[in-house]
Amino acid sequence: MTAWFAGWGFRAAAQQASFADCWAQACALPAPGLCTFALLESRRQTPAWAAFHAWAAGAVPHAALQAWPESAIARIDTPSLSPRLVQRFATGSVSEALALHAARSQAGSPAPQITLVLRRVVSADRQATLAVATWSSPILSTGVSS
C-alpha cells in the first residue's frame, strides 16, 4: 500500500477551488492507500485554514492532518527554490519541505527511502501549492546469494 505525504503551502486568501486545482494535478499519480496532509501551524490563523478543511472533508475525508511549526521545515533542501521562501522560511518550497518532513517523521526503522513523487504544483489562482512525498522500503539483505 502506498502512503502519500502531501505538503500544502497556501496564502491566507486561498479558497476551496485553490486546493481542488492542486489536487486535480496530483490525481495523475497512482491513488494513495494512506494519505497524510501536512500544513504549517501558523496557517491556522488564516481564513484559508477553514477553506482547506472544507475542501478536504469533501474530497479526501480519510486523510490524516498534521500541522507543523515553521521551524520544522527550516533548512530542508527542496528541488524547487524560491528566494522569497528561502528568506521567509529557510527552505526553497514550503509544500515540498512539508511533504518531505511529514514522510520522514513517520518513517520507521530501517528508514525507507523518501522521494518526492510530485514536485510543487501551483493552483491556477496562485494561492496554493502542493507537493507529494512517499517512501519505499529499503531492500533487506537475506544473506542468500542468487
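Look up a bit, the structure's there.
Residues numbered from 1 in each chain as written. Predicted model: local features only at pLDDT ≥ 70, side-chain atom pairs only at ≥ 80, totals over all residues. Heavy atoms only, no water.

Colleague: Help me understand the environment of E96 in this model?
Modeller: Tracing the chain through its elements places E96 in helix α4 (residues 94–105). Sequence-wise, E96 and L81 are 15 residues apart; in three dimensions their C-alpha atoms are separated by 10.0 Å. (Helix = DSSP H or I, 4+ residues; strand = E, 2+ residues; numbered from the N terminus.)

Colleague: Just to check I follow, could you spell out unusual backbone geometry for this structure?
Modeller: Glycine aside, negative phi is the norm for most residues, and most peptide bonds take the trans geometry. Positive phi values are uncommon outside glycine, yet R75 reaches one of about 65 degrees. Considering the arrangement of structural elements, one finds R75 in the loop between β3 (64–68) and α3 (83–89). At A90, a position not held by glycine, the phi torsion is positive, near 60 degrees. With respect to the secondary-structure elements, A90 resides in the loop between α3 and α4.

Colleague: Quick question: what am I supposed to make of the nonpolar core here?
Modeller: One broad trend across soluble globular proteins is that nonpolar side chains are buried collectively. Grouped together as the largest cluster of nonpolar side chains are 25 residues, with contacts concentrated most on W8, F10, F19, W23, F37, W55 and L130. Looking at this core, the elements that each hand over two or more residues are β1 (3–10), α1 (16–26), β2 (34–40), α2 (47–59), β4 (113–122) and β5 (128–136). The element that contributes the greatest number of residues to this core is α2, accounting for six residues. Sequence-distant contacts of L130, defined by excluding residues within four places in its chain, comprise A6, G7, W8, C22, W23, A26, S95, R119, R120 and V121. Within the second largest apolar cluster, 20 residues are counted, among which are A3, L85, L98 and A131. (Core = buried A, V, L, I, M, F, W, Y, C linked by side-chain atoms within 4.5 Å. Buried < 20%, exposed > 50% of the residue type's maximum accessible area, 1.4 Å probe, protein only. Contact = heavy atoms within 4.5 Å.)

Colleague: Honestly, α4 in this entry has me stumped. Any pointers?
Modeller: Because each turn of an α-helix spans 3.6 residues, side chains separated by three or four positions end up pointing in the same direction. Its 12 residues place the ends of α4 16 Å apart at the C-alpha level, agreeing with the 16 Å of an ideal helix rising 1.5 Å per residue. With 10 of its 12 residues buried, α4 lies for the most part within the structure. Taken together, the buried positions of α4 are occupied by V94, S95, E96, A97, L98, A99, L100, H101, A102 and A103. (Expected span 1.5 Å × (residues − 1).)

Colleague: Looking at this structure, how should I read the environment of R11?
Modeller: Among the secondary structure elements, R11 is positioned in the loop between β1 and α1. The spatial distance from the C-alpha of R11 to the C-alpha of P47 is 9.3 Å, given a sequence separation of 36 residues. Filtering out sequence-adjacent residues up to four positions away, R11 remains in contact with A48, R84, R126 and Q127.

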